[in-house]
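Fold and geometry: a report
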Amino acid sequence: MLLPFPNQRYQSATKVCEALSAISTLPPSPDPVLPTPPIAPTPPPSISQRLRRIPKRWRWITLGFLALLGVAIAVILNSLRTTPAKYFSRGENALIAKPQAASDIPECGKAYDLKKQGIQTFANANSPADFKKVSSAFLKAIEQFKVALKKSPANNKCQVDPETWIYYYNSKTAQTTSVSSLPTIAVVIPSLEKDRGIALEILRGVAQVQSEQQGAPVMQILIAKDEQYLHHQRCLIVLDAWEEITGDDSEDYTNYSVFVERVAKEPHKSCLLLLSREKSQNIEIFKGPLVNFKKLGPLTYEEAKEILIAEGLSGTDSELEELSRRYSNPWILKRIAQSIHTVFQGYISQFIDMSIFVDDVITHFLDQQFQNLSEVETNLIYWVALRRNSASWNQLVQDSHQFLSESWLFQTLNSLLERRSFLDKNLEDIPTLYMLEPVILKYTTNRFVQESSQEIIQVMKSKNIEGSELFMTHSFITKYPEDEELNQEQIRRIVKPIQKMLLAQLRSQQQLKDELRKVLSLLKDRGLSQGYAYENISHLISTCEQI
């Protein structure tokens, strides 16, 4: 922990530890966590409780500032006075070496001279007025870096390094009256000689987090550099959203992988926590006595109820239980709570009468997740969704036998359960049923309806079935086994919504029926009168005639 001015800083490890002990809780988040009825508020959950509440497939793990944008963070408890100044800096030293471009490109050299002036001014600053001059100096350096970059756009050798941005934001923070009460978070970067790529990537993430501070700042950053730092200091390093770079062949991904491998294999006193919605194979190979995996499931009813109560929502126990069953992810619960407060003044009863709620933000997030799935994985999720969460192994074999071998189906199912964590299993039933969480089921159904409608409209316009997929590979109304209740649900959730979307395009029932009959004739001409596509179009025609 560093105070803003040198004469105010702690001078021993004992003083730092005492200061840390005096901090009972982190400052409250500006954005509350989730809905609940008007009961006495419960104490804020501990970090370990928060970890247990986070669902397996979502990337909103809230560990304060620890898990933001792949930032490796550690709070240094040892006396900073015992560590040579060349290994840490809040803005008083340049830890990133001056590149060759500063000598080769005059504009770049001028930018680094301005940065050096900012660092010297920072080192001598002792008041908010001094730090105002510091931020002005760094801003001049940043503008000069941009000028230099225009002189060398092809090789990109001279741009604003993340260290300059961090020092600039630190100097802005130091101008505030609350700076003395703000935490200083030490960001430990690996050796710039061995892991320069990962070090710069970490600092870019830190600078991005700082840039998003709105209103009153909430933190200061101390950069700590030492290739042996993890060996000599006890640090917690958190890399969030690991799945976003997994499988990438870029230099950044290579740098991250090398760094993770070193942490997994070399002896040290620290801990690395990787947060990911997917279980990547390149990390799984390190599993051993010192490397473990923890799969985080959805919130239990008790955990969700605690969150709902803490949010101050009003409702009976049965209403709380139903709400927690529908929305078992804390991030979604939070969004739902805000909407209930806005529309229904916090009363759950009217909201419960609605169907599963999926807004544009949730849809956008799940769209991104679906983009990472293979075509086979997406199709299998659709088959489960069409079964309305009652799909067994034998039923999936029957539904997909024209398009997937059993071994391929098995491999894909295993991937969605183990690696992607998109599917769940209902172990209470025999045989085992494969399921989607309620929100994902609603989203998947909506997505299937929209894509199937678009495909059918395209066939109507082009008179060509080439390129069509879903309405030919998936049965809107399943037959194996015969299930009248399920079939009625499929008519309600699949067939009628598709029919309504088509009608919105064609404007009249008669025109829709005529166009659908043309599609039937087209399928007959192509010898497809016995497949899913013919049955699906027939169901749509039948639905039109019933209206």
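What this report covers is the structure whose coordinates are included nearby. (Residues numbered from 1 in each chain as written. Predicted model: local features only at pLDDT ≥ 70, side-chain atom pairs only at ≥ 80, totals over all residues. Heavy atoms only, no water.)

**A short note on the pattern of salt bridges**
Put simply, the rule reads: Note on definitions: salt bridges are taken to be side-chain nitrogens of Lys or Arg within 4 Å of carboxyl oxygens of Asp or Glu. Only runs of H or I of at least four residues qualify as helices and only runs of E of at least two qualify as strands under DSSP, and these elements are numbered from the N terminus. Under the scheme applied here, a residue whose accessible area is under 20% of the maximum for its type counts as buried, over 50% as exposed, and between as partly exposed, the area being computed with a 1.4 Å probe on protein chains only.
Counted under the stated rule, the structure contains 21 salt bridges. Notably, a salt bridge pairs glutamate 163 with lysine 115, separated by 2.7 Å at the nearest N-O pair. In this pair, glutamate 163 is assigned in helix H6 (residues 162–173) and lysine 115 in helix H4 (residues 106–124), connecting sequence segments 48 residues apart. Classification of glutamate 163 by relative accessible area gives buried; the value is 0%. Taking the relative accessible area as the measure of exposure, lysine 115 reaches 2% and is therefore buried. With a closest N to O distance of 3.5 Å, glutamate 515 and lysine 518 form a salt bridge. Linking glutamate 515 with lysine 518, this pair stays in helix H22 (residues 509–525), spanning 3 residues, or about one helical turn. Overall, the relative accessible area of 46% leaves lysine 518 in the partly exposed class. One salt-bridge network, in which partners are shared between bridges, spans Lys115, Asp161 and Glu163.

**Things to note about the nonpolar core**
This is how the line gets drawn: The nonpolar core is taken to be a set of buried Ala, Val, Leu, Ile, Met, Phe, Trp, Tyr and Cys residues, with the residues joined through side-chain atoms within 4.5 Å. Contact between two residues is taken to exist if any of their heavy atoms lie within 4.5 Å; hydrogens are not considered.
In terms of nonpolar packing, the biggest core is built from 77 residues, with Leu323, Leu516 and Ile537 touching the most fellow members. Sorting elements by how many residues they give to this core places helix H19 (residues 438–462) first, with 10 residues. If sequence neighbours within four positions are ignored, leucine 323 has contacts with Leu308, Leu313, Leu333, Ile336, Ile340, Ile348, Phe351 and Ile352. With 49 residues, the next largest nonpolar core counts Ile105, Tyr168, Val260 and Ile283 among its residues.

**A word on the packing of helix H21 (residues 484–506) against helix H23 (residues 532–546)**
Just so we agree on the cut-off: Axes here refer to lines fitted to C-alpha atoms; in helices the fit is confined to the stretch in contact. Angles between the N-to-C directions go from 0 to 180 degrees. Should an angle fall under 35 degrees it is called roughly parallel, over 145 degrees roughly antiparallel, and 65 to 115 degrees roughly perpendicular, with every other angle called oblique. Residues are grouped as follows: Ala, Val, Leu, Ile, Met, Phe, Trp, Tyr, Cys and Pro are nonpolar; Asp, Glu, Lys and Arg are charged; every other residue, Gly included, is polar.
As a packed pair, H21 and H23 sit with axes 10 Å apart at the nearest point and diverge in direction by 75 degrees. As judged from the angle between their axes, H21 and H23 are roughly perpendicular. Of the residues in H23, those in contact with Val495, Lys496, Ile498, Gln499 and Leu502 of H21 are His539, Leu540, Thr543 and Cys544. Partitioning the contact of H21 with H23 into residue classes produces 5 nonpolar, 3 polar and 1 charged.

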